[in-house]
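# Observations on chain architecture
Chain residues, written in single-letter form:
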Amino acid sequence: MPFNFYAILAATFVSLVVGFIWYNPKVFGTIWMNETGMTEEKARQSNLLKVFGLTIFYLF
């Protein structure tokens, strides 16, 4: 069975786009932050390269 790299890349991209929309403060972001105890200060202090890099790594 051949490995379709472009399909994996497209699925990863779509997953990230859906996550961006889902966790947007205008959609469910504030509810998610309240339920998990996350604050905007904690979110700003996070390492975005690490967060998105690990997300992409685990999606592959």
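Everything below is about the structure printed above this text.
Treat the numbers as computed from the prediction; the structure is a model and nothing was measured.

### Focus: the packing of helix 1 (residues 5-22) against helix 4 (residues 48-59)
Direction vectors running N to C along helix 1 and helix 4 enclose 135 degrees, while the axes themselves pass 10 Å from each other. Judged by the angle between their axes, helix 1 and helix 4 are oblique. Two packed elements cross with a definite hand, and for helix 1 against helix 4 that hand is right-handed. Where helix 1 abuts helix 4, its residues T12, S15, L16 and F20 lie against F52, T55, I56 and L59. Its residues placed into classes, the contact of helix 1 with helix 4 shows 5 nonpolar, 3 polar and no charged.

### Structural notes on a nonpolar patch on the surface
A contiguous nonpolar surface patch, about 1,000 Å² in accessible area, is contributed by F13, V14, V17, V18, I21, W22, Y23, V27, F28, I31 and W32. Elements that contribute at least two residues to the nonpolar patch include exactly helix 1 and helix 2 (25-36). Per-element accounting of the nonpolar patch gives the leading share, 6 residues, to helix 1. Secondary-structure assignment places F13 in helix 1. F13 sits in the exposed class, given a relative accessible area of 57%.

What counts, and at which threshold
- Residues numbered from 1 in each chain as written.
- Predicted model: local features only at pLDDT ≥ 70, side-chain atom pairs only at ≥ 80, totals over all residues.
- Heavy atoms only, no water.
- Axes fitted to C-alpha atoms, helices over the stretch in contact; angles between N-to-C directions.
- Helix = DSSP H or I, 4+ residues; strand = E, 2+ residues; numbered from the N terminus.
- Parallel < 35°, antiparallel > 145°, perpendicular 65-115°, else oblique.
- Left-handed = near helix turned anticlockwise from the far one by under 90°.
- Contact = heavy atoms within 4.5 Å.
- Nonpolar A, V, L, I, M, F, W, Y, C, P; charged D, E, K, R; others polar.
- Patch = residues over 30% accessible without salt bridge, like charges linked within 9 Å, V, L, I, M, F, W, Y side chains within 5 Å.
- Areas by Shrake-Rupley, 256 points an atom, 1.4 Å probe, with all protein chains shown as cover.
- Salt bridge = Lys/Arg side-chain N within 4 Å of Asp/Glu carboxyl O.
- Buried < 20%, exposed > 50% of the residue type's maximum accessible area, 1.4 Å probe, protein only.

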